[in-house]
Amino acid sequence: MRPIFRFASLLLAVLWINAVIASGAYAAGPSIIVDVNTGRVLQHNDAFQKWYPASLTKLMTAYVVFKQVQAGRLELQKPVTVSKKAAAAPPSKMYFKPGSQLTLDNALKIILVKSANDVSVAIAESVSGSQQQFVAMMNEQADNLGMSDTRFVNANGLPGKGQSTTARDMALLGLALHREFPDYMHYFGLEAIKTDKKTYTNYNILIGRFPGANGMKTGFICSSGFNQVSSATRRGRTIVTVVLGAKSQEERAEESARLLQLGFATSNKAKPSLYSMRPYGKTRAQIADIRSSICTAEARKQRYEGRDVEGRMTLESAYIKPLKRDARAVRVGLSGRILVGIPVPTPRPDIVGGSEPSLATTNLKPTLNVPVPTDRPSL
């Protein structure tokens, strides 16, 4: 074959692959792709539709903590105390007893890998004296970032009246974390954490399996479906994607991988800035609620169809590779003592402002070790 024909054949193959990437077999719900270095929006769909954030909320929990550490008001070795209120939070959780203490460093690792709701509340109370005051700080930072359609009502993302976000706003938060706190990005890319009794694999199954993946967070409640903010870096270019409302953990991961791949294949040329995007869409005033298509008996049944007898998932994405080793686990744990009386943390005046499913083995043709949902808030 002549060189010119070989070149033409190769060009056609590349164009076909890019068309497949761009079209996709489905679109989960609202989504967006952003280049972190330039802030350019490479693709978006219903980016201003209000949505329940679920445990994507914990990205802002971490952001507030990093802000306080950066300002010298907190240290990562600060003790975090689990109060009775924190211990009573619904799963996903660590089931630490009231009065238990751990470092802020370990608490961050736990909420970003295990998505533990009890530890999120403990962080909020230990940092600002109460979850209510911490949430005020979260909303203040959201306003500062221009997250105009976001409101937080708790520190963990469990269902709460009025709690909402958008794909565009979550992209703003993802970019802010990357740009403002590059030294803390390792918290979002941990493959697993390990206690004395158990190892917990990150619900973000792209980490270690999608080339260049380095974060960020997943989320799930019945009303939101399966959400994910993802990031990856290749050859010095970092892409952040947001997927809201996927029907399953598999779809969430596959769509996130597809969008990241598309992002790396897309030029910034003539693309709009994330910061200058104007609201669009007829339904943006109302928070979408997809509970009726996510948490019915039939929907749960469909999510488990196609799995093997042990409940392992099968991922069809060509972009997610098997992890041919054990997940690298970072040890976390308590400080070794239980406080009597569980003192309530005192706020500092200058800083006042369902769970992911359980873990199991997954098949990706070949086998892939990844978490499998049990449809409990909030992951």
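Here, the structure is the one placed above.
Keep in mind that this is a model prediction, so the values were computed, not measured.

Asker: A description of the overall build of the protein should follow, citing residues and the corresponding values.
Answerer: Broken down by element type, the protein carries 10 helices and 12 strands. Within the protein, buried positions represent 57% of all 379 residues. Approximately 16,200 Å² of the protein is accessible, and the part contributed by carbon and sulfur atoms is 54%.

Asker: For the sheet that holds strand β8 (residues 225-234), give the residues involved together with the corresponding values.
Answerer: Strand order in this open sheet of 5 strands is β2-β1-β9-β8-β7, and the pairing throughout is antiparallel. In this open sheet, the two strands that pair with only one neighbour each are β2 (41-45) and β7 (213-221). Taking each pair of neighbouring strands and ignoring which way they run, the sheet shows an average axis angle of 5 degrees. As judged from the 8 bridges shared by β7 and β8, these two strands associate in the antiparallel manner. Looking at β8, one finds that F220 is bridged to F226.

Asker: Tell me about the nonpolar core, and name the residues and values.
Answerer: Counting 97 residues, the largest nonpolar core has I32, M60, L108 and I123 as the members making the most contacts within it. Those residues in contact with I32 that lie beyond four places of it in its chain are V41, Q43, H44, A47, A167, R168, A171, V240, T241, V242, L274 and M277.

Asker: Which residues make up the pairing of β8, and what are the values?
Answerer: Extensive coverage of β8 is indicated by the burial of 9 of its 10 residues. Linking β7 to β8, which pair antiparallel, is a turn of 3 residues. Taken together, the 8 bridges between β8 and strand β9 (residues 237-246) define a ladder with antiparallel strand orientation. Bridging from a neighbouring strand, S230 pairs with T241 of β9. Here β8 folds back onto β9 in antiparallel fashion, the turn holding 2 residues, of which R235 has a positive phi close to 50 degrees.

Asker: Tell me about helix α8 (residues 249-264), and name the residues and values.
Answerer: In this model α8 runs 23 Å from its N-terminal to its C-terminal C-alpha over 16 residues, within 8% of the 22 Å that 1.5 Å per residue would give. Among the 16 residues of α8, 16 are classified as buried, and the element is accordingly described as predominantly covered.

Asker: Tell me about unusual backbone geometry, and please be specific about residues and values.
Answerer: A cis amide bond links P91 to the next residue, S92, at an omega of 5 degrees. As for its position among the elements, S92 is in the loop between α3 (84-87) and β4 (101-103). For the peptide bond that leads from G215 to M216, omega is 15 degrees, which places it in the cis range. Within the element layout of this structure, M216 appears in strand β7. The phi dihedral of D46 is positive, around 50 degrees, even though this residue is not glycine.

Asker: So what about the state of the cysteines? Which residues, and what values?
Answerer: The tally for this structure, following the rule as stated, stands at 1 disulfide. The disulfide that involves C222 links it to C295, with 1.9 Å between the sulfurs. Disulfide C222-C295: torsion about the S-S bond near -85 degrees, hence left-handed. Of this pair, C222 sits in the loop between β7 and β8 while C295 sits in the loop between α9 (291-294) and α10 (297-304); the two residues are 73 residues apart in sequence, bridging distant segments of the chain. Given a relative accessible area of 12%, C222 falls into the buried group. Residue C295 is classed as buried on the basis of its relative accessible area of 14%.

Asker: Can you tell me about the pattern of salt bridges, naming the residues and giving the values?
Answerer: Here the structure, examined in full by the defined rule, presents 8 salt bridges. When the shortest N-O distance is used, the salt bridge between R237 and D35 registers 2.6 Å. Here D35 lies in strand β1 (residues 31-35) and R237 lies in strand β9, a separation of 202 residues in the sequence. Owing to a relative accessible area of 16%, R237 belongs among the buried residues under this scheme.

Asker: Which residues make up the sheet that holds strand β10 (residues 329-331), and what values do they have?
Answerer: Two strands in a sheet stick together by hydrogen bonds in their backbones, pointing the same way (parallel) or opposite ways (antiparallel). Taken together, 3 strands build an open sheet; the order of strands is β6-β5-β10 and the sheet is mixed. The strands lining the two open edges of the sheet, one partner per strand, are β6 (199-201) and β10. Across the sheet, the axes of successive neighbouring strands diverge by a mean angle of 25 degrees, strand direction being ignored. Two elements, strand β5 (residues 192-194) and β10, share 3 bridges in a ladder whose sense is parallel. When the sheet's bridge partners are listed, I193 is paired in β10 with V330.

Asker: Give a detailed account of the environment of Q163, specifying residues and quantitative values.
Answerer: If you trace the backbone, Q163 turns up in the loop between α6 (131-145) and α7 (167-180). When the C-alpha positions of Q163 and K50 are compared, they lie 9.6 Å apart, and in sequence the two are 113 residues distant. Ignoring any residue separated from it by four or fewer positions in sequence, one finds Q163 in contact with W51, Y52, P53, T57, R151, F152, V153, N154, G157, L158 and I287. In this structure the side chain of Q163 is engaged in a polar contact, spanning 3.4 Å, whose partner is the backbone oxygen of L158.

Asker: Can you break down the packing of aromatic side chains residue by residue, with the values?
Answerer: Counting across every chain of the model gives 9 aromatic pairs. On the basis of an interplanar angle of 55 degrees and a centroid distance of 5.5 Å, the ring pair of F66 and F181 is categorised as tilted. Of this pair, F66 sits in helix α2 (residues 57-70) while F181 sits in the loop between α7 and β5, placing them 115 residues apart in sequence. The same class applies to F66 and to F181, which are both buried. Aromatic rings pair up to connect Y63, F66, F181, Y184, Y187 and F188 into one cluster.

Asker: Describe the side chain of Q261, with residues and values.
Answerer: Note that Q261 resides in helix α8. Residue Q261 is classed as buried on the basis of its relative accessible area, which comes to 19%. Of note is the side chain of Q261, whose polar atom sits 3.3 Å from the side chain of R234.

Reading the values: rules and limits
- Residues numbered from 1 in each chain as written.
- Predicted model: local features only at pLDDT ≥ 70, side-chain atom pairs only at ≥ 80, totals over all residues.
- Heavy atoms only, no water.
- Helix = DSSP H or I, 4+ residues; strand = E, 2+ residues; numbered from the N terminus.
- Buried < 20%, exposed > 50% of the residue type's maximum accessible area, 1.4 Å probe, protein only.
- Areas by Shrake-Rupley, 256 points an atom, 1.4 Å probe, with all protein chains shown as cover.
- Pairing = 2+ DSSP bridges.
- Axes fitted to C-alpha atoms, helices over the stretch in contact; angles between N-to-C directions.
- Core = buried A, V, L, I, M, F, W, Y, C linked by side-chain atoms within 4.5 Å.
- Contact = heavy atoms within 4.5 Å.
- Expected span 1.5 Å × (residues − 1).
- Disulfide = S-S within 2.5 Å.
- Salt bridge = Lys/Arg side-chain N within 4 Å of Asp/Glu carboxyl O.
- Polar contact = N/O pair within 3.5 Å; in protein donor to acceptor, adjacent residues only side chain to side chain.
- Phe/Tyr/Trp six-rings, centres within 6.5 Å; stacked < 30°, edge-to-face > 60°.

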